[in-house]
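What follows is the residue order along each chain.
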Amino acid sequence: MSESTTPSHNAPSLRRILGFSCYQGFIYAVFYMGANKALVLGGVAIERADLLATLLGMVIAFCAMTALPRLAGKILASDAAIATCAGMLTAGAFAPRLSGSLDIAGVGLEAFLVGLPMAVLLVAWGRVLGMSSPRVAAWEIFASTGIAAAVCFVASFFGGGASVVLAVALPAASAGVLLVAGVGSAACSHDLEYSERAASSVDRDGSGVAALSRRMLVGALMFGLAAGLMETFRSNPGASSTPTLPATLLILSLFCVAALQSLRGAAEEERSLGTTYRIAILVMMAGFLFTPALYESGVPGEAIVLAGCLGLTAAFIALFIAVSVLRGIDSAMAFCRGFGALYLGEAAGIAAGNVIDGFGANAVVQHGMLAFAGLAALIAYLFLFTENDFRTLSAIVDAGSAEDAMHDAIVEQAGLSKREAEVLALALRGRTNERIAQELVVAKSTVDTHLRRIYSKAGVHSRQELIDYGEKLIKNVTAKR
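Please read all numbers here as calculations on a predicted model, not as lab measurements.

Calculation notes
Residues numbered from 1 in each chain as written. Predicted model: local features only at pLDDT ≥ 70, side-chain atom pairs only at ≥ 80, totals over all residues. Heavy atoms only, no water. Helix = DSSP H or I, 4+ residues; strand = E, 2+ residues; numbered from the N terminus. Buried < 20%, exposed > 50% of the residue type's maximum accessible area, 1.4 Å probe, protein only. Contact = heavy atoms within 4.5 Å. Areas by Shrake-Rupley, 256 points an atom, 1.4 Å probe, with all protein chains shown as cover. Core = buried A, V, L, I, M, F, W, Y, C linked by side-chain atoms within 4.5 Å. Patch = residues over 30% accessible without salt bridge, like charges linked within 9 Å, V, L, I, M, F, W, Y side chains within 5 Å. Salt bridge = Lys/Arg side-chain N within 4 Å of Asp/Glu carboxyl O. Phe/Tyr/Trp six-rings, centres within 6.5 Å; stacked < 30°, edge-to-face > 60°. Expected span 1.5 Å × (residues − 1). Bend = angle between axes of the 7 residues up to and from the residue. Polar contact = N/O pair within 3.5 Å; in protein donor to acceptor, adjacent residues only side chain to side chain. Axes fitted to C-alpha atoms, helices over the stretch in contact; angles between N-to-C directions. Parallel < 35°, antiparallel > 145°, perpendicular 65-115°, else oblique. Left-handed = near helix turned anticlockwise from the far one by under 90°. Nonpolar A, V, L, I, M, F, W, Y, C, P; charged D, E, K, R; others polar. pLDDT = per-residue confidence, 0-100.

Along the backbone of the protein there are 19 helices and two strands. Looking at the 481 residues of the protein, the share that counts as buried comes to 55%. For the protein, the share of sequence-separated contacts (at least 6 apart) that also reach a separation of at least 24 residues comes to 81%. Summing over all exposed atoms, the protein offers an accessible surface of approximately 19400 Å²; the carbon and sulfur share of this is 65%.

See the structure below:
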């Protein structure tokens, strides 16, 4: 990334929030608004076939981008490709709403016109959101999700016409923000040296980041399975795809408010990303308990479960960015792997839901599907990617974020130049002057000169005094809050 495009790591961007909320709103409009369309094959009706095709198209695109990263990079760097994806989404989301039927050609068109470009734009958003520090990105993600849920909640009361308007307008708005944000020039926002240091700190605790990220992917697969099952729960062909959608979106909005409050907690332990994971799981499990107990009362327990699933997806988005930092990979590639697992699980859940529905639509079968979904979520939470794993990764990310905050505070307070800020970043990581010179491809004497100027502007005489100065600045900022 060029210096001119380097963003602040510590300030949420309203532009990114609104842009990603457009993308999230499009997902809700396409996935959950409208009717449950079935594909009839040999007398067997496959429910939510349009959503299943979209998910499979996205998984194929994620796999292709993971296998061909250079080609993926060229696509993300092309403004024309981003604009084309927005046009495909508008056409693909609008056309099927003109007809209530679905055939093999329509399923293929759904996968191509909606699934593939949706995956590309999501990966592009992964790269843009990765320009922020993980904690700031998490704040932007939950704010975007809350806004999207609130907008779609209002739109859900205006019938199918509102979903068409959203499906047409939101892709263009989202892609427009991506183009303005300069996704093509946005490389991974965190350098490999930081990632190596962070990863090694995990290894000293006996659990490598690679192992944790693998468990995270398996956990995402299982949570996706639970979400897919709930997306076929109590939804019949020709009826609303998500009968309890308004309640789901309202609960999701409230969840996002709670998540944002937790990320702004007064105590460090209250600001852990793991708190959002716990809240999402709590919401999901409450829904699993309420649904059978209050089946006849009108309380939409499945709405609570689906809201928890969507909230958990937002938490995983933040986690994918954190893992990209810790493993030293482009956040776009982290999105490919993470969402590939999540959406593959969701597609498997829809398929499993269709199999279960094949045994009948009575209450026993429906509750069996609910129990299966709850078991998948519980296994993921207790045995695959646990809250402790989430907290471990969160703590490491927070340590890196604190270093970023110290760097930015010194740069602002001392009025350092761009080159001095680069030297400062490496000096705070313990690099010797010789190593800094090698990494910046300058002479050691140049580094010596920059460090003397940094010391002079900060009013210190050594690196330790510089660190003490930075810590004092951070404490002052915290005290003012």
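Okay, back to it.
Before going further, it helps to spend a moment on the nonpolar core. Residues Y28, F62, M118, F223 and Y343 are the most contacted members of the largest nonpolar core, which totals 116 residues. The greatest single-element share of this core, amounting to 16 residues, is contributed by helix α12 (residues 301-327). Setting aside chain neighbours within four positions, we find F223 in contact with Y277, I281, M284, L312, F316, A377, A380 and Y381. One finds A421, A437, Y455 and Y469 within the second-largest nonpolar core, a separate group that totals 24 residues.

Here we take up the side chain of E346. Here E346 is to be found in helix α13 (residues 331-357). In this view, E346 contacts F31, Y32, L55, G224, L225, G228 and E231; residues no more than four positions away in its chain are not counted.

It is worth spelling out a nonpolar patch on the surface at this point. Residues L375, L378, I379, L382 and F383 make up a contiguous nonpolar surface patch of roughly 470 Å² in combined accessible area. Judged by relative accessible area, which is 47%, L375 ranks as partly exposed.

With that settled, the discussion passes to the packing of aromatic side chains. Taken as a whole, this structure holds 17 aromatic pairs when the rule is applied. Note on F20 and Y23: the rings are 6.1 Å apart at their centroids and 10° apart in plane angle, and the pair reads as stacked. On the criterion of helical spacing, the pair formed by F20 and Y23 is a turn pair, its members being three residues apart in helix α1 (residues 14-32). Y23 sits in the buried class, given a relative accessible area of 1%. Pairing F320 with F339 gives two aromatic rings, centres 5.3 Å apart and planes at 75°, and the pair type is edge-to-face. Of this pair, F320 sits in helix α12 while F339 sits in helix α13, and the two are 19 residues apart along the sequence.

Turning our eyes to something else, we now look at helix α5 (residues 104-129). In an α-helix, one full turn covers 3.6 residues, which means residues spaced three or four apart are oriented alike. With 26 residues, α5 extends 36 Å between its outermost C-alpha atoms, agreeing within 8% with the 38 Å of an ideal straight helix rising 1.5 Å per residue. The largest bend in α5 is about 25°, located at A111.

Our focus in this paragraph is the side chain of N354. Summarising the element assignment, N354 is placed in helix α13. Here N354 falls in the buried class, since its relative accessible area comes to 15%. Here E47 takes part through its backbone nitrogen, which lies 2.6 Å from a polar atom of the side chain of N354. Once residues lying within four places of it in the same chain are set aside, the contact partners of N354 are A45, I46, E47 and T232.

Bringing the pattern of salt bridges into the picture now. Throughout the structure, instances matching the rule amount to four salt bridges. The residue D448 makes a salt bridge to K444 at a minimum N-O spacing of 3.1 Å. Here D448 and its partner K444 are both found in helix α18 (residues 444-458), four residues apart, which amounts to about one turn of the helix.

This brings us to the environment of M284. Along the chain, the position of M284 falls in helix α11 (residues 273-293). For the pair M284 and V305, spaced 21 residues apart in sequence, the C-alpha separation works out to 4.3 Å. Setting aside anything within four residues of it in sequence, one finds M284 in contact with F223, V305, G308, C309, L312 and A377.

Okay, the packing of helix α17 (residues 433-440) against α18 next. The N-to-C vectors of α17 and α18 enclose an angle of 110°; their axes lie 8 Å apart at closest approach. With respect to α18, the axis of α17 lies roughly perpendicular. Our pair here, α17 against α18, has a crossing hand that is right-handed. Where α17 abuts α18, its residues N433, E434, I436 and A437 lie against K444, V447, D448 and L451. Of the residues assigned to the contact of α17 with α18, the class counts are four nonpolar, one polar and three charged.

Mean pLDDT for the protein: 79, with 81% of residues reaching 70 or above. Residue range residues 266-270 is modelled with pLDDT below 50. Its contacts to residues more than four positions away, or to other chains, number seven contacts.

A positive phi angle, close to 50°, is found at R48, a residue other than glycine. Residue R48 is classed as buried on the basis of its relative accessible area, which comes to 1%.

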